[in-house]
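# An overview of the molecular structure
If you want the building blocks of each chain, they are given just below.
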Amino acid sequence: MDLNQLTAISPLDGRYRKKIDTLTPYFSEYGLIHYRVFIEVEYLIAIHETGVRPLRPLGEADKIALRRIFDQFGESDADQVKAFERQTNHDVKAVEYYLKAKLAEIGVSQQLMDQLEFIHFGLTSQDINNTAIPLSLKDAIQKAYLPQIRQVISTLESYAKEWAEIPLLARTHGQPASPTRLGKEFAVFVARLEQQVSELAQMPFPAKFGGATGNLNAHYIAYPDHDWHGFADAFVSHLGLARSYPTTQIEHYDGLARIFDCLKRINTILIDLCQDIWIYISQEYFRQKVKAGEVGSSAMPHKVNPIDFENAEGNAGLSTAVLEFLSRKLPVSRLQRDLTDSTVLRNLGVAMGYAMLSISSVQRGLGKLLVNKEAIAADLDKNWAVLAEAIQTILRREGYPKPYEALRDLTRGNNEINEATLTNFIRNLNVNEAVKTELLMLRPRTYTGK
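This section reports on the structure supplied with the text. (Residues numbered from 1 in each chain as written. Predicted model: local features only at pLDDT ≥ 70, side-chain atom pairs only at ≥ 80, totals over all residues. Heavy atoms only, no water.)

## Considerations on the environment of Gln 148
With respect to the helices and strands, Gln 148 occurs in helix α7 (residues 125–162). C-alpha of Gln 148 to C-alpha of Ser 360: the two residues are 212 residues apart in sequence and 7.4 Å apart in space. If we ignore the near neighbours within four places in the chain, the residues touching Gln 148 are Met 356, Ile 359 and Ser 360. Engagement of the side chain of Gln 148 in a polar contact is seen with the backbone oxygen of Met 356, the distance being 3.2 Å. (Helix = DSSP H or I, 4+ residues; strand = E, 2+ residues; numbered from the N terminus. Contact = heavy atoms within 4.5 Å. Polar contact = N/O pair within 3.5 Å; in protein donor to acceptor, adjacent residues only side chain to side chain.)

## A few points about the pattern of salt bridges
Counting across every chain of the model gives 34 salt bridges. A salt bridge links Asp 338 to Arg 334; the nearest nitrogen and oxygen atoms lie 2.9 Å apart. Judged by relative accessible area, which is 12%, Asp 338 ranks as buried. Look at the salt bridges and you will find they share partners, linking Glu 29, Arg 36, Lys 82, Glu 85, Asp 91 and Arg 346 into a network. (Salt bridge = Lys/Arg side-chain N within 4 Å of Asp/Glu carboxyl O. Buried < 20%, exposed > 50% of the residue type's maximum accessible area, 1.4 Å probe, protein only.)

## Thoughts on the packing of aromatic side chains
Throughout the structure, instances matching the rule amount to 21 aromatic pairs. Here the aromatic rings of Trp 163 and Phe 286 are separated by 5.4 Å at their centres, their planes lie at 45°, and the arrangement is tilted. Placement of the pair is Trp 163 in the loop between α7 and β1 (167–172) and Phe 286 in strand β5 (residues 286–288), with a sequence separation of 123 residues. Classification of Trp 163 by relative accessible area gives buried; the value is 5%. Pairing Tyr 280 with Phe 286 gives two aromatic rings, centres 6.1 Å apart and planes at 75°, and the pair type is edge-to-face. By the burial criterion, Tyr 280 is buried, and Phe 286 matches it. Ring pairing ties together the aromatic residues Tyr 43, Phe 118, Phe 121, Phe 209, Tyr 223, Trp 228, Phe 231 and Phe 235, which thus form one cluster. (Phe/Tyr/Trp six-rings, centres within 6.5 Å; stacked < 30°, edge-to-face > 60°.)

## Examining the side chain of Arg 36
Structurally, Arg 36 is set in helix α2 (residues 29–47). Classification of Arg 36 as buried rests on a relative accessible area of 3%. Once you skip the residues sitting within four places of it in the chain, Arg 36 turns out to touch Asp 91, Val 92, Val 95, Ile 128, Asn 129, Ala 132 and Arg 346.

## Topic: the state of the cysteines
Summed over all chains, the structure comprises zero disulfides. Cysteine Cys 262 shares no disulfide, and the gap to the nearest cysteine sulfur, in Cys 274, comes to 18 Å. (Disulfide = S-S within 2.5 Å.)

## Structural notes on helix α15 (residues 373–381)
All of the buried residues in α15 are Ala 375, Ile 376, Asp 379 and Leu 380. Buried residues of α15, seen end-on, are gathered within an arc of 140° and therefore sit on one face of the element. Facing away from the buried side of α15 by over 90 degrees, the exposed positions are Lys 373 and Glu 374. On the buried face of α15, the contacting elements are β1, β2 (175–181), α8 (182–202) and β6 (369–371). (Arc of directions from axis to C-beta.)

## Some words on the side chain of Asp 91
Relative to the helices and strands, Asp 91 resides in helix α5 (residues 91–106). Classification of Asp 91 as buried rests on a relative accessible area of 16%. One polar contact links Asp 91 to Arg 36, side chain to side chain, over a distance of 3.0 Å. A polar side-chain atom of Asp 91 sits 3.0 Å from a polar atom in the side chain of Arg 346. Once residues within four sequence positions are removed from consideration, Asp 91 is found in contact with Arg 36, Glu 85 and Arg 346.

## Observations concerning unusual backbone geometry
With an omega dihedral of 5°, the bond running from Arg 53 to Pro 54 counts as a cis peptide bond. Here Pro 54 lies in the loop between α2 and α3 (60–71). Here the bond from Tyr 245 into Pro 246 is cis, since omega is -5°, no more than 30 degrees from zero. Mapped onto the elements, Pro 246 comes out in the loop between β4 (242–243) and α11 (254–282).

## Some remarks on the pairing of β2
Here five bridges tie β1 to β2, and the two strands are oriented antiparallel to one another. Directly across from Pro 167, in β2, lies its bridge partner Arg 181. From the end of β1 to the start of β2, which pair antiparallel, there are two residues, and His 173 there has a positive phi angle of about 60°. (Pairing = 2+ DSSP bridges.)

## Let's talk about the nonpolar core
Counting 119 residues, the largest nonpolar core has Leu 137, Ile 141, Tyr 145, Phe 186, Leu 200 and Leu 366 as its most contacted members. Top contributing element to this core by residue count: α7, with 16 residues. Counting 17 residues, the second-largest nonpolar core is a separate cluster that includes Ile 391, Ile 394, Leu 395 and Leu 439. (Core = buried A, V, L, I, M, F, W, Y, C linked by side-chain atoms within 4.5 Å.)

## Overview of the packing of helix α12 (residues 307–329) against helix α14 (residues 348–366)
Two elements in contact, α12 and α14, have axes separated by 8 Å at closest approach and are oriented at 155°. When the interaxial angle is binned, α12 and α14 end up roughly antiparallel. You can see that α12 and α14 cross each other, and the crossing is left-handed. Facing α12, whose interface residues are Asp 308, Phe 309, Asn 311, Ala 312, Asn 315, Ala 316, Leu 318, Ser 319, Val 322, Leu 323 and Leu 326, α14 presents Leu 348, Val 350, Ala 351, Tyr 354, Ala 355, Leu 357, Ser 358, Ser 361, Val 362, Arg 364, Gly 365 and Leu 366. (Axes fitted to C-alpha atoms, helices over the stretch in contact; angles between N-to-C directions. Parallel < 35°, antiparallel > 145°, perpendicular 65-115°, else oblique. Left-handed = near helix turned anticlockwise from the far one by under 90°.)

## Quick word on the packing of helix α4 (residues 75–88) against α5
Where α4 contacts α5, the axes come no closer than 8 Å and their chain directions differ by 125°. Compared by their axis directions, α4 and α5 come out oblique. Here α4 and α5 pass one another in a crossing that is right-handed. For the pair α4 and α5, contact is made by Asp 77, Gln 80, Val 81, Phe 84, Glu 85 and Thr 88 and by Asp 91, Ala 94, Val 95, Tyr 97, Tyr 98, Ala 101, Lys 102 and Glu 105, respectively.

Here it is, written out as structure tokens:
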């Protein structure tokens, strides 16, 4: 069978392909090759600026021609790189050979053609991979992930404001508890997500650039008097990354693990949000907008299932599982390097793909919510026992003997507590009339704090 959305093994490349295609430029095989070409091109330009002989700065025409290779890179170019890889059985060496062939093809200055061996000069594959991959991750997070999660935060924030004054029966341990406000409960998730997103947006993206074993041996043996570590620092900074030093042959990945852990926390918050909304829907606090023609159940025509929140929960869990493995595995490598990181890192797109699927499902689900104020109010009116906290606290203030115990004996395990029960209890308290009036004014729907 030909590979397409029906025959793909992974649902990310099959069923959900259209929902996450914004990640293709960053995490596909094409995307990885594209970023490798970018790093090699920028390195070739940068090394010509060092002043080491026989190099001298490239003219603007050569720089434009080089950068056009990256800017105009397409699938046919990636196919050429893969053709070289079939000969070399080495994916990064294939990029080097592709660039040499490409320069001869497009026509550049004789100066540049005479110095083709300075493509990939002194580098090891991981100098390319450990800059290309964090750069692609950075771009994906900044250009695709953050805008999408910020949309969710914006929607939650609008609901927090719109529903700010709707009283809501809280539940702790699943049991009726002191009332809250619907908008405030959504504001909790806004605050949690904003904290993590702010942290993620400020995190540096680490890169390794140091030659075969991290010491720039080849650079220093060729040009011992040049400050190659200073060059590497400046080059990585130019890419918008933070250079890790000292390292082995590979980036030690502690910084990437920190990023993965932040993404995991965001997934966890979204799972918490989805489960809460799922329960609110089951309690009929929310109804969902119905789309004509949609089916909720193949057997029960009345069903309007909270599928968006269920899909979001499942996909966030899958993303977290992969991120957990990446953050635990990548920082471990035998001696100066083993190759296990190479195959593992190719699954970055899997982790990000499921995370993005989860976010899009949450946003879609939030857009369907309709508040059922009647159900919310009815639940409050059925749970007058939640005023026990308020009553015993006011009695404490007044110096009433053992007020907690008095309310405990009245309410704990008693399913018959209602307005009349509490009114009778209050009228028989040995307190002044002003306090009784204050207590009789209490209502579940107004006992919501600030």
